[in-house]
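Structural features, examined
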Amino acid sequence: MNKIEIKHNNEVFDLPIVKGTENETGINIQQLRSKTNLITLDPGFKNTGSCKSSITFLDGENGILRYRGYSIESLAKNASFLEVAYLLIFGDLPLKNELDKLTNDIQDNAIIDEDLKKILDSFPRSAHPMGILSSLTSALIAFNPEKKISLSNSYKNKSEIFLYNTIVKLLAKIPILVSWVHRRRKGLSLDYGDFRNGYVENITRMMFQLPNQTYVQNNVVVNAMNKLLILHADHEQNCSTSTVRIVGSSEASLFASVSAGISALWGRLHGGANQAVIEMLEAIKNDNGDIKKYMIKAKDKSDPFRLMGFGHRVYKNFDPRAKIIKIAAHEVLKDLGINDPILEIAKSLEKEALDDEYFTSRKLYPNVDFYSGIIYKALNIPKEMFTVMFALGRVPGWIAHWREMRLNNDPIGRPRQIYIGEEFREYKKISER
Ligand code: CMC
């Protein structure tokens with residue numbers, strides 16, 4: 001059966017069924033309006049596919065996440081973040097010479113106009129790092145202008161080489177901006193580092209190197225960071241990635257699209273949850289570890305409090321990233337010799353929720369953000385920077401989706417609506433109202 005029949009006003013119409021590689025099935029409604037004059041209504045796009053994509057496969061019922069066919073478990077265990085970035089963006093794991101070339105190209109672009117430091121300096125010290133990162137990413141456009149888009153020079157005609165050059169610029173400059181945002185908050189000098197020492201190695205060095213001290217790389221920190229970045233690298237059509245795709249669909253540049261993605265990620269229902277989780281766990285700790293009180297609040301519909309780091313739009317069994325991160329949190333704390341009581345509170349809260357009918361009946365499980373903050377905290381990253389670290393990890397995913405959309409010549413994103421406002425009214429002058 002490759003079509004579905006719908007009956008409307010006593011007429012029957014056929015709509016085609018589309019199937020994906022893993023048998024996910026959808027109704028193609030592109031002809032629905034022209035055939036029936038109907039649109040579909042789906043606030044929050046809870047059951048709407050916005051595109052076909054070859055990048056990431058996610059089976060929320062069975063807790064499966066794969067990048068380009070590779071399981072998240074094997075990538076997190078074995079791969080480097082830059083390999084994963086290459087995989088997501090270009091479709092296959094890189095050969096050695098391909099990875100070397102990417103690394104060198106990134107290093108060649110690891111420069112930012114010094115004037116950008118003036119923009120950074122103009123932000124108040126109290127400004128949230130996500131707002132600064134989004135603004136600086138957008139400001140990069142001014143220092144890296146593209147040739148004017150004209151009718152004969154639209155994105156549709158842009159070559160793979162143009163896309164590649166734009167992509168390596170972003171892969172080089174975002175980690176530098178992230179380290180600058182972090183260092184400025186700490187009053188430290190700003191640096192560029194050297195990506196030829198390893199992409200993640202350079203990120204940790206740029207963030208943590210202290211003035212007048214020989215930098216000694218801590219492999220526990222590098223490995224933990226590598227794993228976290230891989231686990232965050234893509235998650236198909238989530239809020240920020242859909243934002244990147246919809247902004248990019250108007251032929252806005254990659255930098256502009258990613259800047260919008262960073263803003264979308266900021267909210268606490270999305271990437272901002274990692275900061276909110278630690279704030280929640282700290283609040284519980286300061287409240288004598290009274291977990292039961294917060295469970296009651298989370299279930300009370302008249303209380304706006306939600307258990308942060310719990311629940312997910314698509315995972316209705318478990319979030320495979322959360323499983324990996326929970327184990328990693330234990331290992332990192334042990335390796336760094338840290339005893340953080342917050343971890344014990346998190347584990348007790350998780351246990352309590354997983355035994356509670358409210359959470360089990362709604363299939364609410366810990367998500368990627370529940371334990372990630374505990375690792376970031378152990379790595380000495382301030383909580384306001386947690387979502388910035390998520391953004392850093394998500395950059396390859398955003399790029400991969402933007403590139404896929406461009407190469408597919410996807411149409412501009414433009415949903416419809418059901419209008420529920422006033423019917424036609426005559427304008428009345430202010431004196432007659
Ligand atoms: N605490 C208490 N109740 C919850 C929670 C929670 N964390 N999450 C969902 N619910 C309830 C919700 O009130 C609703 O109950 P009812 O059916 O009685 O009205 C039911 O579960 C379904 O929730 P929903 O809000 O309709 O589900 P959604 O798919 O629209 O929202 C979510 C998904 C992630 C926004 C939501 O679960 C949430 O707010 N979680 C806390 C924030 C969080 O951890 N976000 C990070 C998501 S993972 C990282 C990422 O990729 O962004």
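Let me sum up the structure you'll find in this document. Quantities reported herein were computed from a predicted structural model and do not represent experimental measurements.

A closer look at the pattern of salt bridges
One side chain can pair with another of opposite charge once the charged atoms of both are near each other. According to the stated counting rule, one finds 22 salt bridges in the structure shown. The partner of Lys3 in a salt bridge is Asp14, and the shortest N-O contact between them spans 3.3 Å. Placement of the pair is Lys3 in strand E1 (residues 3-8) and Asp14 in strand E2 (residues 11-19), with a sequence separation of eleven residues. Judged by relative accessible area, which is 36%, Lys3 ranks as partly exposed. Between Arg184 and Asp121 there is a salt bridge, and its shortest N-O distance comes to 3.2 Å. Taken as a pair, Arg184 in helix H7 (residues 160-186) and Asp121 in helix H5 (residues 115-121) lie far apart in primary sequence, 63 residues in all. Overall, Arg184 belongs to the buried group, its relative accessible area being 10%. Here the residues in one salt-bridge network are Arg245, Glu404 and Asp410, joined through shared partners.

Section: the site of the ligand
The local shell around the ligand holds 22 residues, among which His270, Arg306, Leu307, Gly309 and Arg313 are the closest. Interatomic distance of 2.8 Å between a backbone N/O atom of Gly309 and an oxygen atom of the ligand. Contact between the ligand and Arg362: an oxygen atom at 3.0 Å from a side-chain N or O atom of the residue. Protein contacts shield 79% of the accessible area of the ligand, which totals 930 Å² for the unbound molecule. Its residues assigned to classes, the shell around the ligand shows nine nonpolar, six polar and seven charged.

Each value, and the rule that gives it
Residues numbered from 1 in each chain as written. Predicted model: local features only at pLDDT ≥ 70, side-chain atom pairs only at ≥ 80, totals over all residues. Heavy atoms only, no water. Salt bridge = Lys/Arg side-chain N within 4 Å of Asp/Glu carboxyl O. Helix = DSSP H or I, 4+ residues; strand = E, 2+ residues; numbered from the N terminus. Buried < 20%, exposed > 50% of the residue type's maximum accessible area, 1.4 Å probe, protein only. Near = heavy atom within 4 Å. Polar contact = N/O pair within 3.5 Å; in protein donor to acceptor, adjacent residues only side chain to side chain. Areas by Shrake-Rupley, 256 points an atom, 1.4 Å probe, with all protein chains shown as cover. Nonpolar A, V, L, I, M, F, W, Y, C, P; charged D, E, K, R; others polar.

Just geometry here; none of it tells us what the structure is for.
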